[in-house]
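Here is what each chain is made of, one letter per residue.
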Amino acid sequence: MAIARLVGGPLDGQVLPLEDASQQRLIMPYSETQIVYAREGSPSHTGDHDGPTEAVFRFVEAEGDIAPDVDGRDE
């Protein structure tokens, strides 16, 4: 099992399971858009007895506005 530790962006601090430990990018739905995280550095905890393999993914971009003011309440 491998996990992704997310850094920056709207999911900062979240930890998610990874199906593929060699995965380089995460593209996930968020609100009404998608957000992109990219792998940063090499994975850690890759031994047999030191817990799940952990990879850091840093926020790259959002394909749209991740904090829309749909109803105008923020004005």
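Model, not experiment: these values are computed from the prediction.

## Focus on the overall build of the protein chain
In step 1: Within the protein chain one finds zero helices and five strands.
In step 2: Along the protein chain, helices and strands appear, N-terminal first, in the series β-β-β-β-β.
In step 3: Relative to its 75 residues, the protein chain shows a buried fraction of 23%.
In step 4: The contacts of the protein chain with a sequence gap of at least 6 include a subset with a gap of at least 24, amounting to 42%.

## Things to note about unusual backbone geometry
In step 1: Within the chain, Ser 31 stands out as a residue other than glycine whose phi angle is a positive 55 degrees.
In step 2: Within the secondary structure, Ser 31 is located in the loop between strand E3 (25–30) and strand E4 (33–44).

## Focus on the sheet that holds E4
In step 1: Taken in spatial order, the five strands line up as E2-E1-E5-E4-E3 in an open sheet, and their pairing is mixed. In this open sheet, the two edge strands, each paired with only one partner strand, are strand E2 (15–18) and E3. Between one strand axis and the next, the sheet turns through 35 degrees on average, direction left out of account.

## Some words on the pattern of salt bridges
In step 1: On inspection of all chains with the given rule, the structure shows two salt bridges.
In step 2: Residues Arg 5 and Glu 54 are paired through a salt bridge, measuring 3.0 Å at the closest nitrogen-oxygen approach. Taken together, the residues span a long stretch of sequence, with Arg 5 in strand E1 (residues 2–7) and Glu 54 in strand E5 (residues 53–62) at a distance of 49 residues.
In step 3: Classification of Arg 5 by relative accessible area gives partly exposed; the value is 32%.
In step 4: According to the relative accessible area criterion, Glu 54 is buried, its value standing at 15%.
In step 5: A salt bridge links Arg 58 to Glu 40; its shortest N-O distance comes to 2.6 Å. One end of the pair, Arg 58, is in strand E5; the other, Glu 40, is in strand E4, with 18 residues separating them in the sequence.

## A short note on the nonpolar core
In step 1: Among the nonpolar cores identified, the biggest contains ten residues, and these are Ala 2, Ala 4, Leu 6, Leu 18, Leu 26, Met 28, Ile 35, Tyr 37, Ala 55 and Phe 57.
In step 2: If you list the elements that add at least two residues to this core, you get E1, E3, E4 and E5.
In step 3: The dominant element in this core, judged by the number of residues it contributes, is E1, at three residues.

## What to know about the environment of Leu 18
In step 1: With respect to the secondary-structure elements, Leu 18 resides in strand E2.
In step 2: Using a relative accessible area of 10% as the deciding quantity, one classes Leu 18 as buried.
In step 3: With 14 residues separating them along the chain, Leu 18 and Ala 4 place their C-alpha atoms 6.2 Å apart.
In step 4: In this view, Leu 18 contacts Ala 2, Ile 3, Ala 4, Gln 23, Leu 26, Ala 55 and Phe 57; residues no more than four positions away in its chain are not counted.

Conventions adopted
- Residues numbered from 1 in each chain as written.
- Predicted model: local features only at pLDDT ≥ 70, side-chain atom pairs only at ≥ 80, totals over all residues.
- Heavy atoms only, no water.
- Helix = DSSP H or I, 4+ residues; strand = E, 2+ residues; numbered from the N terminus.
- Buried < 20%, exposed > 50% of the residue type's maximum accessible area, 1.4 Å probe, protein only.
- Contact = heavy atoms within 4.5 Å.
- Pairing = 2+ DSSP bridges.
- Axes fitted to C-alpha atoms, helices over the stretch in contact; angles between N-to-C directions.
- Salt bridge = Lys/Arg side-chain N within 4 Å of Asp/Glu carboxyl O.
- Core = buried A, V, L, I, M, F, W, Y, C linked by side-chain atoms within 4.5 Å.

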